[in-house]
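# An overview of the molecular structure
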Amino acid sequence: MRHDHVISAKQLTRGDIESVLDRASDIAADPGTYAGRHQGTLLGLLFFEPSTRTKMSFSAAIKRLGGDVVDMGPVDASSVKKGESLADTVRVIEGYADALVLRHPSEGSAKMAAEYVDVPLINAGDGAGQHPTQTLLDLYTIRENAGLDGLRIGIMGDLKYGRTVHSLAHALTNFETTQHFVSPETLALPRNVRYDLHEEGASVKEHTDLEHILPDLDVLYVTRIQRERFPDESEYRAVAGQYQIDAETLEAAADDLVVMHPLPRVDEIASDVDETEHARYFEQAHNGVPVRMALLDHLLEGDR
Amino acid sequence: MTADRELRVSKISSGTVIDHITSGQALNVLAILGIDGTDGEVVSIGMNVPSDRLGTKDIVKVEGRELSQSELDVLSLIAPVATINIIRDYDVVEKHRVDRPTEVTGVLQCPNHNCITTEDEPVDSHFEVLDDGVRCVYCDTIIREDLAAHILV
Ligand SMILES: [Zn+2]
């Protein structure tokens, strides 16, 4: 893989994805080999909106590689609050670090920021846009548990605003997969995503209910439907309720169905699912560390 | 060419004539080209002029300025059949059609209010041109209908 920046899952080829996932497997199998590999490397963390988990996962990854972090801290304590542009902020901070991780509320922020810096920049979420490291850890979890080629995956919940869904759907077009999208009509895939999937010749099916496709799935990827997408509480409850699963729902599924969720969940997966063989969402979250270690190791390779 | 004769706009000695503009788009054409008259150039506009080919059309003449092909290609987004005549000494020395560009920079405003190009950052809007619309390269938003409504002024 030779990318200076990791901005979007769309830029990743099958070869890129496989080389990161292979390295993540190596790391997971034998973490000791990679400890100290990036001694002295500093990762700059620029989180313009709070995302404790993603930040902790990146911190853990670079520290396990022997490096450390320099953290901009919360926005209200930084120059950003005084009106500094993002373009200026990243140009200052790149001088403090060997690579940058950016989380920002505006779509396209990571792409723009990358135009201003020479060190590798990783997009850790740009508004409703892309979150490619989440996608890589999702792909890793799918590959470990179900395999990627020949996969039949159901992606359910808020498909309109869910950035993890958009990135994942696009990345899956690199593999022989059938994607079933399950959502209320008002939260169906946006047209730019549908356009891309169509362009890639992906096998895509859209549904408003899970029941009739559930038995055919290898993986069910559940996302949260947010209250603020609906005009009132009762409508939200009525609609969201149709996209919640529990252990009983899963009785109709294949025994080896893998259930994933980018977390945090609220009530879209009942806690009784946690006790079943299907639940892989905690494992999925843990996979963030070896996958981010693998990605950082690739990006920082030239520095060793 | 009865239509042109009916147009009460005098011939120009040198400059650019943009003809066969989709009716109603003449002002948008000028907006795209960044021509607002403040540079002192003589600009003549005909709107809803009868045309054999189009029924009605708009026409724009800009005196003393030869527009480049890339400037003109952007026009194809709102005036796909426009023709361009470059005039020197009252003669048409070059005749072009507009070509659809592969991308346009700094011409259209991204309709996504959460897009980084709409914020106070040193970045121009930048769209990739699709077969049936344009797409923001920063946030992926696609505009299909009424491109003229998104022209930056
Ligand atoms: Zn945009």
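Owing to the predicted nature of the structure, the values given are computational and were not obtained by experimental measurement. By convention here, each chain's residues receive numbers from 1 onward along its written sequence. Chain letters start at A and ligand numbers start at 1, both assigned in the order the entries are written. Residue-level local features of this predicted model are given only where pLDDT is at least 70; pairs of side-chain atoms are given and counted only at 80 or more, and the full residue set underlies all totals for whole chains, interfaces and linings. By convention in this description, side-chain values take in all heavy atoms of the structure and omit both hydrogens and water.

### Considerations on the interface of chain B and chain A
Note on contacts: a residue pair is in contact if any heavy atoms of the two residues lie within 4.5 Å. At the junction of the two partners, chain B supplies 19 residues and chain A supplies 19 residues. Summed over both partners, the accessible area lost on bringing two parts together, with a 1.4 Å probe, is the buried area. Buried area between chain B and chain A, summed over both chains or domains, comes out near 1,600 Å², and the portion from carbon and sulfur atoms is 45%. The rule for a salt bridge is simple: a side-chain nitrogen of Lys or Arg has to be within 4 Å of a carboxyl oxygen of Asp or Glu. Summed over the shared surface of chain B and chain A, the result is three salt bridges. The salt bridge partner of K10 of chain A is D140 of chain B, with a shortest N-O separation of 2.7 Å.

### Observations regarding the domain arrangement of chain B
Residues and elements named next belong to chain B. Bear in mind that the domain bounds are from an automatic or database domain assignment. Entries for chain B in the domain assignment read domain 1 (3-97) and domain 2 (103-150). A separation of 25 Å is found between the C-alpha centroids of domain 1 and domain 2. Listed per partner, the contact involves six residues of domain 1 and seven residues of domain 2. Across the domain 1/domain 2 interface, buried area totals approximately 480 Å², and carbon plus sulfur atoms make up 87% of it. Inspection of the domain 1/domain 2 interface yields zero salt bridges. Counting of polar contacts relies on pairs of N or O atoms within 3.5 Å, with two restrictions inside protein: one atom must be capable of donating a hydrogen and the other of accepting it, and residues adjacent in sequence are counted only when both atoms are side-chain atoms. Scanning the region where domain 1 abuts domain 2 turns up zero residue pairs in polar contact (both at pLDDT 80 or more). Looking at the side of domain 1 that touches domain 2 residue by residue, the classes come out as four nonpolar, two polar and no charged. Ten residue types, Ala, Val, Leu, Ile, Met, Phe, Trp, Tyr, Cys and Pro, are classed as nonpolar, four, Asp, Glu, Lys and Arg, as charged, and the remainder, Gly among them, as polar.

### Concerning the coordination of the zinc ion
Residues and elements named next belong to chain B. Looking at the metal site, the zinc ion is ligated by C110 (SG), C115 (SG), C136 (SG) and C139 (SG), spaced 2.3 to 2.4 Å from it. Classification of the site at the zinc ion rests on its four donor atoms, whose angles at the metal span 99 to 118°, yielding the label tetrahedral. Any N, O or S atom lying within 2.8 Å of the metal counts as a donor, and for Na, K and Ca the limit rises to 3.2 Å; water is left out, so some sites can look incomplete. In primary sequence terms, the donor set of the zinc ion follows C-x4-C-x20-C-x2-C. In this pair, C110 sits in the loop between β6 (103-105) and β7 (126-130) while C136 sits in strand β8 (residues 133-136), placing the two residues 26 residues apart along the sequence. Geometry is assigned from the angles between donors: four donors with all angles from 85 to 135 degrees make a tetrahedral site, four or six donors whose opposite pairs exceed 155 degrees while the rest stay between 65 and 115 make square planar or octahedral sites respectively, and everything else is labelled irregular. For the purposes of this entry, the term helix denotes a DSSP run of H or I that reaches at least four residues, the term strand denotes a run of E that reaches at least two, and both are numbered from the N terminus.

### Considerations on the nonpolar core
Residue types Ala, Val, Leu, Ile, Met, Phe, Trp, Tyr and Cys, when buried and joined through side-chain atoms within 4.5 Å, form a set referred to as a nonpolar core. Buried residues are those whose accessible area, probed at 1.4 Å on protein chains only, stays under 20% of the maximum for their type, while exposed residues exceed 50% and partly exposed ones sit between those limits. The biggest cluster of nonpolar side chains holds 57 residues, and the ones touching the most others in it are L100 of chain A together with I18 and L108 of chain B. If one sorts the elements of this core by residue count, helix α2 (residues 26-33) of chain B sits on top with five residues. The residues touching L100 of chain A, leaving out its near neighbours within four places in the chain, are L43, G44, L46, V90, I93, E94, V117, V119, P120, L121 and I122 of chain A. Counting 53 residues, the second-largest nonpolar core is a separate cluster that includes I27, Y34, I142 and L197 of chain A.

### Re the pattern of salt bridges
When charged atoms on two side chains of opposite charge get close, those side chains can pair. Across all of its chains, the model carries 26 salt bridges over all chains by this definition. Close ionic contact of R65 of chain B with E41 of chain B constitutes a salt bridge, the shortest N to O distance being 4.0 Å. Of this pair, R65 of chain B sits in the loop between β3 (55-63) and α3 (69-73) while E41 of chain B is found in the loop between α2 and β2 (43-51), placing the two residues 24 residues apart along the sequence. Residue R65 of chain B is classed as partly exposed on the basis of its relative accessible area, which comes to 23%. The buried category is assigned to E41 of chain B, whose relative accessible area is 14%. Several salt bridges converge on common partners, so that one network encompasses K10 and D196 of chain A together with R135 and D140 of chain B.

### A look at helix α7 (residues 191-199) of chain A
When we look at burial in α7 of chain A, the residues that qualify are N192, V193, Y195, D196 and L197 of chain A. Structurally, α7 of chain A contributes buried residues whose contacts are with α6 (163-172), β6 (177-182) and β7 (203-207) of chain A together with β7, β8 and β9 (142-143) of chain B.

### Regarding the packing of helix α1 (residues 14-29) of chain A against helix α10 (residues 288-299) of chain A
For any two helices packed against each other, the geometry is given by the interaxial angle and the distance between the axes. All names here are of chain A. Axes here mean lines fitted to C-alpha atoms, for a helix over just the part in contact, with angles spanning 0 to 180 degrees between N-to-C directions. One way to put it is that α1 packs onto α10 with a least axis distance of 8 Å and a crossing angle of 120°. Accordingly, the angle class assigned to the pair α1 and α10 is oblique. Considering how the two elements wind past one another, α1 and α10 form a crossing that is right-handed. Contact residues: α1 offers S19, V20, R23, A24, I27 and A28, while α10 offers P290, V291, M293, A294, L295, D297 and H298. Here the residues of the contact of α1 with α10 are counted per class, giving nine nonpolar, two polar and two charged. Roughly parallel here means an angle under 35 degrees, roughly antiparallel means over 145, roughly perpendicular means 65 to 115, and every remaining angle is called oblique. Definitions for this section: a left-handed crossing has its near helix turned counterclockwise from the far helix by less than a right angle. A right-handed crossing has that turn clockwise.

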